[in-house]
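Summary of the model geometry
Residue strings, one per chain:
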Amino acid sequence: MHISKVDLNLFIVLDAIYTEGSITRASQKMHLTQPAISHALNRLRQLFDDPLFERQGHVMTPTPLARSIIEPVRRALRGFEVTLTGAARFDAASSERSFSLAVRDVLEASVLPPLMAGVAQQAPSATLNTLQVSRRELEGELAAGTLDAAIDVLLPLSNDIRRTQLAGDQTVVLVRRGHPLVKRRALTLETYLQLEHIQTSSRRRGPGLEDVELSRQGLQRRIRLRCQHYFAACRVVSQTDLALTMPDRLARIVNQQFNNQILPLPLPMPSLDVYLYWHANVDNDPANTWLRKQIAATMQH
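The following paragraphs examine the structure supplied in this document.

Looking at unusual backbone geometry
Excluding glycine, residues mostly have negative phi values, and the peptide bonds linking residues are mostly trans. Phi at aspartate 49 takes a positive value of approximately 55 degrees, unusual for a residue other than glycine. Given the relative accessible area of 71%, aspartate 49 is considered exposed. Backbone geometry at leucine 52 places phi at a positive 65 degrees, although glycine is not the residue there. Here leucine 52 is to be found in the loop between helix H3 (34-48) and strand S1 (53-56).

Structure below.
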């Protein structure tokens, strides 16, 4: 069927139902009546000769065909949107744009305060949503336009995903003040290996970067506690003799109320490089370009 015979608005409805999982919520999102959404869905079903969505309780579950076409549909819709918005000048001062940024929780505390200070000053009516997206889904979300940008470590993504390196970070060690083995503001590798450690990770198992570096030298530290969040780990450090190895930038934020010692890691470690990612189809989008500039400026400080 030639594209001239297809109402392209139907694909916007398809995306809305897929995203919301509900005809009711899709109608609210698009400011249309439920009968109008249902009529559009019926036309889509005739077009593809497939039900596309099947009701399971209160949720509209996509069929295998719907799952297979949603990403190409989203990429196409995003391309149209960028073409339209790219033709116009982006005025930050009057924009009510809502931006979506994927950022891991380990970076949120250090990135968001200065970023929002800049956004609030330059674009007082704009909003920012931060999300934690699976790295396996990151490229698809950027391509679909459900994410405007992402901040993460270096990832093996396709050439459709643009990237630029942001400011790196160093690794430090936290121990409580008055620690019996760390009485000076210096920490040797020998003492580091004598300590018992906290490993902070969202994964159930696996070594940290510092463990990989230690293993290269035939060394190993003792992990006494594995937990999910640095805030909790800092609190444990303040009340025990455990040590915590973490990024310096975040350590200076979460440690403020605990007043633990922050010491250089006595182990050669590469800089913790962070990258900004976006999709090629928003390279020239004025709004996305503005957002990227705000993020880059934030990470330089």
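On we go from here.
Brief notes about the pairing of strand S9 (residues 222-227)
Across 5 bridges, the pairing between strand S8 (residues 196-200) and S9 is parallel. Pairing of histidine 197 across the sheet is with isoleucine 223, part of S9. Between S8 and its parallel partner S9, the chain crosses via helix H8 (residues 209-216), and the hand of that crossover is right-handed.

Side note on the sheet that holds S9
In space, the 5 strands of this open sheet follow the order S9-S8-S10-S7-S11, with mixed pairing throughout. Strand pairing shows two members of the sheet lacking a second neighbour, S9 and strand S11 (261-264), which therefore form its edges. When the angles between neighbouring strand axes are averaged without regard to direction, this sheet yields 35 degrees. Docked against the sheet, helix H9 (residues 230-239) engages strand S7 (171-175), S8, S9 and strand S10 (243-247), running at close to 145 degrees with respect to S10.

A look at the packing of aromatic side chains
Any aromatic ring pair is given by two values, namely how distant the centres are and how the planes are angled relative to each other. Following the criterion strictly, the structure yields 7 aromatic pairs and no others. Summarising the aromatic geometry, the rings of tyrosine 18 and phenylalanine 53 are spaced 6.3 Å apart at their centres and angled 70 degrees between planes, so their arrangement reads as edge-to-face. Taken together, the positions of tyrosine 18 in helix H1 (residues 9-20) and phenylalanine 53 in strand S1 put the pair 35 residues apart, joining distant regions of the chain. Note on phenylalanine 90 and tryptophan 290: the rings are 5.5 Å apart at their centroids and 50 degrees apart in plane angle, and the pair reads as tilted. Within this pair, whereas phenylalanine 90 is found in the loop between helix H4 (64-86) and strand S3 (98-103), its partner tryptophan 290 is found in helix H11 (residues 286-299), the two being separated by 200 residues in sequence. Each residue in the set Phe90, Phe99 and Trp290 is aromatic and connected to the rest through ring pairs, giving one cluster.

A short note on the side chain of serine 95
With respect to the helices and strands, serine 95 occurs in the loop between H4 and S3. Residue serine 95 is classed as buried on the basis of its relative accessible area, which comes to 10%. From its side chain, serine 95 meets the backbone nitrogen of arginine 97 in a polar contact 3.0 Å long. Not counting chain neighbours up to four residues away, the residues in contact with serine 95 comprise Phe90, Ser125 and Ala126.

A look at the pattern of salt bridges
Overall, the coordinates contain 16 salt bridges when judged by the stated rule. The closest approach of N and O atoms between arginine 43 and aspartate 7, which form a salt bridge, is 3.7 Å. Here arginine 43 is found in helix H3, whereas its partner aspartate 7 is found in the segment before H1, with 36 residues between them in sequence. When the shortest N-O distance is used, the salt bridge between arginine 25 and glutamate 20 registers 4.0 Å. Its relative accessible area of 39% is what places arginine 25 among the partly exposed residues. Linked through salt bridges whose partners overlap, the residues forming this network are Asp15, Glu71 and Arg74.

Scoring rules and cut-offs
- Residues numbered from 1 in each chain as written.
- Predicted model: local features only at pLDDT ≥ 70, side-chain atom pairs only at ≥ 80, totals over all residues.
- Heavy atoms only, no water.
- Buried < 20%, exposed > 50% of the residue type's maximum accessible area, 1.4 Å probe, protein only.
- Helix = DSSP H or I, 4+ residues; strand = E, 2+ residues; numbered from the N terminus.
- Pairing = 2+ DSSP bridges.
- Right-handed = clockwise from strand over helix to strand, strands pointing away.
- Axes fitted to C-alpha atoms, helices over the stretch in contact; angles between N-to-C directions.
- Contact = heavy atoms within 4.5 Å.
- Phe/Tyr/Trp six-rings, centres within 6.5 Å; stacked < 30°, edge-to-face > 60°.
- Polar contact = N/O pair within 3.5 Å; in protein donor to acceptor, adjacent residues only side chain to side chain.
- Salt bridge = Lys/Arg side-chain N within 4 Å of Asp/Glu carboxyl O.

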